[in-house]
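Take a look at the letters that make up each chain.
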Amino acid sequence: MMNQEYTARGIAKYAGAFIAWMIGSGFASGQETLQFFTSYGLASYTAIGLNFIGTLFFGVVFVETGYRNRELSPFNHFLYFCGNRAGRFYSGLIAVIVFLLMAVLISGAGATLQEYYGLNHLAGSLLMAATVLAAYLSGFERLIFVISKVGPAVIAFTLAVGVITAVRDWGDLSMASSQAAVLSPLRTSPHWGISSLLYLSLNFLSGGAYFTQLGVRAEREKDVTYGMIVGIVVLMAAIAIVNTAFLLNAQPMAELSIPILYLAEKISHPLGAAFSIILILGIFSSCSSMMWTVCSRFSFSKKRTQQLFAAGVAAGAFFIGLLPFTKLISVFYPLVGYVGILLLLMVVRKVLREKDERTPAPSKPE
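First, a word on scope: everything that follows refers to the structure included in this document. Everything numeric in this text was worked out from a predicted model, so none of it was measured.

## Re the overall build of the protein chain
And step 1. Helix and strand counts for the protein chain stand at 15 helices and zero strands.
And step 2. Against the globule reference of 21 Å for 366 residues, the protein chain gives a C-alpha radius of gyration of 20 Å, in line with a compact fold.
And step 3. Seen through its principal axes, the protein chain has C-alpha atoms that stretch 70 × 60 × 45 Å.
And step 4. A burial count over the protein chain gives 54% of its 366 residues as buried.
And step 5. Carbon together with sulfur atoms contributes 64% to the accessible area of the protein chain, which is approximately 16000 Å² in total.

## Some thoughts on the pattern of salt bridges
And step 1. With the rule as written, the count across this model stands at five salt bridges.
And step 2. Close ionic contact of R220 with E219 constitutes a salt bridge, the shortest N to O distance being 4.0 Å.
And step 3. Assessed through its relative accessible area of 17%, R220 is described here as buried.
And step 4. The shortest N-O distance in the salt bridge between R220 and D223 comes to 2.9 Å.
And step 5. Connected through salt bridges with shared partners, the residues E64, R68 and E221 form a single ionic network.

## Notes on the layout of surface pockets
A probe as big as a water molecule, rolled over the atoms, marks out the empty space that is left.
And step 1. Size it by volume and the largest pocket reaches roughly 590 Å³.
And step 2. Mapped by element, the contributors of at least two residues to the lining of the largest pocket are helix 9 (192-217) and helix 13 (269-296).
And step 3. Looking at the lining of the largest pocket, the element that brings in the most residues is helix 9, giving five residues.
And step 4. Looking at the lining of the largest pocket residue by residue, the classes come out as 10 nonpolar, nine polar and two charged.

## What to know about the environment of V348
And step 1. Assignment of secondary structure puts V348 in helix 15 (residues 325-358).
And step 2. By relative accessible area, V348 is classed as partly exposed at 31%.
And step 3. The spatial distance from the C-alpha of V348 to the C-alpha of A12 is 28 Å, given a sequence separation of 336 residues.
And step 4. Sequence-distant contacts of V348, defined by excluding residues within four places in its chain, comprise F57 and F58.

## Observations concerning the environment of Q114
And step 1. For Q114, the position within the fold is in helix 5 (residues 77-117).
And step 2. Taking the relative accessible area as the measure of exposure, Q114 reaches 41% and is therefore partly exposed.
And step 3. The spacing of Q114 and I232 is 118 residues in sequence and 31 Å in space, taken between C-alpha atoms.
And step 4. Every residue in contact with Q114, bar those within four places of it in the chain, is listed here: L119 and H121.

## As for the side chain of T225
And step 1. The residue T225 is located in helix 10 (residues 221-247) in this model.
And step 2. Of the residues examined, T225 reaches a relative accessible area of 7% and is grouped as buried.
And step 3. Within the structure, T225 has its side chain in polar contact with the side chain of E64 (distance 3.1 Å).
And step 4. Apart from residues lying up to four places away in sequence, T225 is in contact with V60, V63 and E64.

## What about the packing of helix 10 against helix 12 (residues 259-267)?
And step 1. In the contact formed by helix 10 and helix 12, the axes pass within 11 Å of each other and the chain directions differ by 75°. Judged by the inter-axis angle, helix 10 sits roughly perpendicular to helix 12. For the pair helix 10 and helix 12, the contacting residues are V242, A245 and F246 in the first and P259, I260 and L263 in the second.
And step 2. Looking at side-chain class alone, the contact of helix 10 with helix 12 contains six nonpolar, no polar and no charged residues.

Rules of the game
- Residues numbered from 1 in each chain as written.
- Predicted model: local features only at pLDDT ≥ 70, side-chain atom pairs only at ≥ 80, totals over all residues.
- Heavy atoms only, no water.
- Helix = DSSP H or I, 4+ residues; strand = E, 2+ residues; numbered from the N terminus.
- Rg over C-alpha atoms; globule rule 2.2 N^0.38 Å.
- Buried < 20%, exposed > 50% of the residue type's maximum accessible area, 1.4 Å probe, protein only.
- Areas by Shrake-Rupley, 256 points an atom, 1.4 Å probe, with all protein chains shown as cover.
- Salt bridge = Lys/Arg side-chain N within 4 Å of Asp/Glu carboxyl O.
- 1 Å grid on protein atoms, 1.4 Å probe; cavity = no way out; pocket = protein on both sides within 12 Å on 5 of 7 lines; lining within 4 Å.
- Points joined across faces, edges and corners; volume = space filled by probe spheres on them.
- Nonpolar A, V, L, I, M, F, W, Y, C, P; charged D, E, K, R; others polar.
- Contact = heavy atoms within 4.5 Å.
- Polar contact = N/O pair within 3.5 Å; in protein donor to acceptor, adjacent residues only side chain to side chain.
- Axes fitted to C-alpha atoms, helices over the stretch in contact; angles between N-to-C directions.
- Parallel < 35°, antiparallel > 145°, perpendicular 65-115°, else oblique.

Given below as structure tokens:
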């Protein structure tokens with residue numbers, strides 16, 4: 001049994017860990033889906049389809065690359081894919097990018113607690129920053145175990161809210177395209193194709209170190225590969241369903257910081273209350289992963305110094321997270337996406353080169 005090439009438990013673990021990274025405040029609140037996809041009307045489904053294909057390709061490449069280079073310590077995927085010059089540029093930049101993304105998540109926690117519970121935004125953001133710091137200090141392996149349990153719960157609630165809303169409001173589908181016009185000011189770029197590419201780039205520039213590290217720490221390659229595939233399928237299905245629910249309720253979506261919570265509350269108050277807790281857990285799971293990514297870029301000889309550095313990261317993210325949540329997503333997320341496009345191109349180039357190297361040269365006729 002121990003010699004199996006993969007196990008259901010291993011697949012579930014890594015699927016949950018992948019989802020946990022992806023369902024931060026942007027996804028869990030609905031703002032990512034709203035801005036990158038729904039704001040383009042019915043073209044959003046094509047954008048989601050293209051993103052699904054791209055996420056499958058890059059997701060498998062990143063985790064398998066990590067697994068196959070697990071003997072290298074530490075393994076720098078930027079240097080591997082991009083070479084020395086561009087690799088060092090991204091290596092230096094990524095800590096700043098992920099740190100700022102972490103601040104967006106903390107702002108999202110504050111916005112959720114304020115919009116639903118009336119808690120002061122500052123207090124909500126402070127609570128999330130402190131909790132994330134505590135999770136980091138517990139260690140990476142323990143963190144993976146915890147957040148892999150949280151991710152599927154967030155997806156389950158998101159799917160439930162999306163499906164119930166879509167079924168209930170299905171009769172309004174014919175009006176969805178015209179109603180979606182009110183969302184056009186939220187668009188991340190002039191064209192849905194560019195927006196889909198930016199979302200793909202955003203996720204793999206910020207999450208590349210985390211995804212390759214999942215491969216590095218995997219006991220079996222197929223566990224982490226199949227886990228990545230399962231996680232991607234579930235995540236993209238959730239995005240498509242939530243996108244439909246948003247299209248059917250476009251008018252109120254344009255004015256909300258946490259649109260998915262509005263839909264949950266519209267179904268029933270108990271569901272809204274339960275989902276608000278799930279949202280906070282989803283934000284925590286993704287923010288915790290980013291905390292590890294930032295701190296792993298810096299190594300200190302003394303454990304106490306490492307802990308103090310982590311505390312400084314949490315404090316800095318908290319102060320930036322006091323800025324408005326919706327504005328942070330609309331400005332910062334697309335910017336990171338543009339910066340990461342070159343990385344995706346270099347990954348494709350590396351994959352094609354390795355494929356050519358593995359292809360045997362044709363034998364010469366005698």
